Amino acid sequence: AFRRVYNDATRAWLSRYGWPLFREPKESDVFLLQQLRVPLNDTQHEFEEAIKLLGKLVGDALNESAIGNALPNHIDGEKGISKFERFLTIERYPHVERDIKYLRRVQELRSKVSAHLKGRDYETVLTKNLGDDRGARAIQHLLGEGVTFLRDAIAWAGPTGDDATVEEPVVE
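Residues numbered from 1 in each chain as written. Predicted model: local features only at pLDDT ≥ 70, side-chain atom pairs only at ≥ 80, totals over all residues. Heavy atoms only, no water.

1. A look at the packing of helix α6 (residues 96-114) against helix α8 (residues 135-157)
Packed helix pairs are specified by the crossing angle of their axes together with the interaxial distance, meaning the distance between the axes. Relative orientation of the contacting elements α6 and α8 amounts to 140°, with a least axis distance of 10 Å. Compared by their axis directions, α6 and α8 come out oblique. α8 is crossed by α6, and the crossing has left-handed handedness. When α6 is examined against α8, the residues Arg98, Asp99, Tyr102, Leu103, Arg105, Val106 and Leu109 are found in contact with a partner set consisting of Leu142, Glu145, Gly146, Thr148, Phe149 and Asp152. Across the contact of α6 with α8, the residue classes break down as six nonpolar, two polar and five charged. (Axes fitted to C-alpha atoms, helices over the stretch in contact; angles between N-to-C directions. Helix = DSSP H or I, 4+ residues; strand = E, 2+ residues; numbered from the N terminus. Parallel < 35°, antiparallel > 145°, perpendicular 65-115°, else oblique. Left-handed = near helix turned anticlockwise from the far one by under 90°. Contact = heavy atoms within 4.5 Å. Nonpolar A, V, L, I, M, F, W, Y, C, P; charged D, E, K, R; others polar.)

Take a look at the structure:
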């Protein structure tokens, strides 16, 4: 379901605002969405890879320039998720707090798992953002939260021309 609603959210945003919620992937990133899955072997490597992919898809790919252009003013130093938060607040999106918290959690996790040296606070950051969940279970929950965010964004943005909303497993 994550892959489908990710693409649907981009289309819904394009339909409502004239720009996609997530930027088109660069050539080297074109397969990120297809690579994202719940880890099969529950290894640390698979867990960290899934976090990195999710971070790229919902954080790095956020259409920051279009969001910035849609805002009434520019704030020096304001970054992607903060711009998105301000945009959603101005637009009166009903789930700003929940969804921005989700995006920031994914961003913080990605930043920590991408670090070459994990450091002492690695487990602290994981626990802060994932509770006791690790591995496949943690990814399943993050993807589920992502589906909730994206489905609500789609419902709020309006029809995409493909309104068959189906309850599906989190990952196809």
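Continuing now.
2. Structural notes on the nonpolar core
With 54 residues, the main nonpolar core has Phe2, Trp13 and Phe84 as its most contacted residues. Mapped onto this core, the elements with two or more residues apiece are α1 (2-17), α2 (32-35), α3 (44-60), α4 (64-70), α5 (80-90), α6, α7 (122-130) and α8. A per-element tally of this core places α8 first, with 12 residues. Residues contacting Phe84, with those up to four places away along its chain left out, are Trp13, Leu21, Leu62, Ile67, Ile100, Leu103 and Phe149. (Core = buried A, V, L, I, M, F, W, Y, C linked by side-chain atoms within 4.5 Å. Buried < 20%, exposed > 50% of the residue type's maximum accessible area, 1.4 Å probe, protein only.)

3. Observations regarding the side chain of Lys112
Take Lys112: it is sitting in helix α6. With a relative accessible area of 17%, Lys112 lands in the buried category. Here Asp121 takes part through its side chain, which lies 2.9 Å from a polar atom of the side chain of Lys112. Discounting chain neighbours no more than four positions away, the residues touching Lys112 are Lys118, Asp121, Tyr122 and Val125. (Polar contact = N/O pair within 3.5 Å; in protein donor to acceptor, adjacent residues only side chain to side chain.)

4. What to know about the environment of Trp156
Looking at where Trp156 falls in the secondary structure, it is placed in helix α8. C-alpha of Trp156 to C-alpha of Ala9: the two residues are 147 residues apart in sequence and 10.0 Å apart in space.

5. Section: the layout of surface pockets
It is the rolling of a water-molecule-sized probe over the atoms that shows where space remains empty. Taken as a whole, the largest pocket holds about 380 Å³ of empty space. Taken together, 18 residues form the lining of the largest pocket, with Tyr6, Arg23, Glu24, Pro25 and Leu57 sitting closest to its centre. Those elements that provide at least two residues to the lining of the largest pocket are α1, α2 and α3. Considering every element that reaches the lining of the largest pocket, the biggest residue donor is α1, with four residues. Within the lining of the largest pocket, the residues separate by chemical class into eight nonpolar, three polar and seven charged. (1 Å grid on protein atoms, 1.4 Å probe; cavity = no way out; pocket = protein on both sides within 12 Å on 5 of 7 lines; lining within 4 Å. Points joined across faces, edges and corners; volume = space filled by probe spheres on them.)

6. Topic: the pattern of salt bridges
Across all of its chains, the model carries 14 salt bridges by this definition. Glu46 is paired through a salt bridge with Arg37; the nearest N and O atoms lie 3.0 Å apart. Glu46 gets classed as buried once you look at its relative accessible area, which sits at 12%. Between Glu145 and Arg105 there is a salt bridge, with its nearest N and O atoms 2.4 Å apart. Note that Glu145 is positioned in helix α8 and Arg105 in helix α6, a separation of 40 residues in sequence. Classification of Glu145 by relative accessible area gives partly exposed; the value is 29%. (Salt bridge = Lys/Arg side-chain N within 4 Å of Asp/Glu carboxyl O.)

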